Every structure is written in C-alpha cells, then in structure tokens.
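Notes for the structure review
Here is what each chain is made of, one letter per residue.
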Amino acid sequence: MDGTDLHESLRSLRVWDAAVTELPPFDPDAAPGEPLPLFARWFADAVAAGQTEPHTVSLATADADGLPDARVVMLHGADADGWSFASHADSRKGRHLAARPYAALVFYWPVLGRQVRLRGPVSVAPAGDAQADLHARSTGALAAALTGRQSEDLDSADELARASQAAWDRAGREPDAPVPSWTLYRLLPDEVEFFQGDARRRHVRLAYRRTEDGNWTTGLLWP
C-alpha cells in the first residue's frame, strides 16, 4: 500500500459507527466522590456491552532521560492500593519504572465511546503478592514468565521456540514454579479522567484530582 492509499483509507474511516457503538448518557453530577467505584461501573458496562479485551490498557512510562514509551498491558486488579499490572523487573518497562516510578494508563472502550485516563506514582507490591498473582493465572502466563528475557535482543525465532518449549514443559510440571523477576506494580493515581463520547462532539470529560490530604476533587474539562 502506498502513501496515497493509506491517506484515503484514513479519511474513509469513522469513529463510533452507530451499527456497533452506543454512546450512553453520562451525568457527571451523579458521579461518586471517588474514581474507583465509577471505574468499576464503567468496566462492568464495557464487559456487558461486549467490548473485546476490556482489561487491556495502554501503559506509558519514561526512561531515565525522560524519553517516553508506551505499550499495551493487562490490568490485574484495581482497589484502594491502586491499579495493578505486572512485568519482569528487568524488562524495559521495569527499568523505566525503577528510574522514574511514575506512569500513565489509558483504557479505551470504543463500543461505548468511553476512555479512562490515569496517572500517578507507581509502587512495587510485595514479592509474595506478585508470585500469588502469577500462579493464579493460566499455564501460558506462567510459561511466558518463565521464558523471561523480555525486551532483550533475540538472535532467532528458533532460540525463542526452544526457550518457550522448555518453559511450557516446566510450567506443566511445576505450576508453582517461582519467577523471581516477576513484579506486580501498582499505580496509585493522582488524577483520573472519565471521557464519554457524544455524537454531537459535546464529549463529557470528568476529572478527579487527589488533594494533599488524600481526598478527591472533581471538575469538568473542555472536550
């Protein structure tokens, strides 16, 4: 495909096709005083609406020089301790968070025209919590963790196949095999924004901001 075809394709696309997307009303005046209950409600709505993989989320970090990076990860939980995701401590994102323990998350649920944005400091959960979280997941998740070497240069696909097969074999034999580098991270947000799309582009953006005493204030943002 040449550049002209790409541009034509982009111009032909539309956001929130009425055939597959419902844009529900959102009254910010009825929102709870804290963001977590509203997130839980919106997540349940996305699941009920048939959103594909609603638990995937874009994670943005920065390296020691302040250069940004982003990737899609899986949400492992959300509670009073923060929004949780996991990775190897020696992966690129792990190194970023060790140097700059601050990150941003973005959920996008197009079936409802909604997104949720968070940013705040990131802490490392106790090692026992990380291992328990890993071993509660699938055999494939354990095999992937045991394969390790995330973000390192790979010499060949054959090398990956051999390492992966060995990891799958071990995961099958030892469902509680430890992975010391596996780390559970928790982002405790300073800011959370809920975005509800509107067909007339009068999008509703409700921002929660944490105060110094740990409480929350809310306000609207221009779309």
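Attention here is on the structure that accompanies the text.

Rules behind the numbers
- Residues numbered from 1 in each chain as written.
- Predicted model: local features only at pLDDT ≥ 70, side-chain atom pairs only at ≥ 80, totals over all residues.
- Heavy atoms only, no water.
- 1 Å grid on protein atoms, 1.4 Å probe; cavity = no way out; pocket = protein on both sides within 12 Å on 5 of 7 lines; lining within 4 Å.
- Points joined across faces, edges and corners; volume = space filled by probe spheres on them.
- Helix = DSSP H or I, 4+ residues; strand = E, 2+ residues; numbered from the N terminus.
- Nonpolar A, V, L, I, M, F, W, Y, C, P; charged D, E, K, R; others polar.

In this structure, the largest pocket encloses a volume near 540 Å³. His88, Ala144, Gly148, Arg149 and Gln150 are the residues nearest the centre of the largest pocket, which is lined by 26 residues in total. When contributions to the lining of the largest pocket are tallied by element, the ones reaching two or more residues are β2 (68-74), β4 (82-88), α5 (139-147) and α6 (157-173). A per-class count over the lining of the largest pocket returns 12 nonpolar, seven polar and seven charged. Put simply, the second largest pocket is a space of about 240 Å³. Forming the walls of the second largest pocket are 14 residues, and the residues nearest its centre are Arg117, Leu118, Arg119, Glu191 and Glu193. Elements with a contribution of two residues or more to the lining of the second largest pocket: β5 (102-109), β6 (114-124), β8 (191-196) and β9 (204-210). The residue inventory of the lining of the second largest pocket, partitioned by class, reads eight nonpolar, no polar and six charged.

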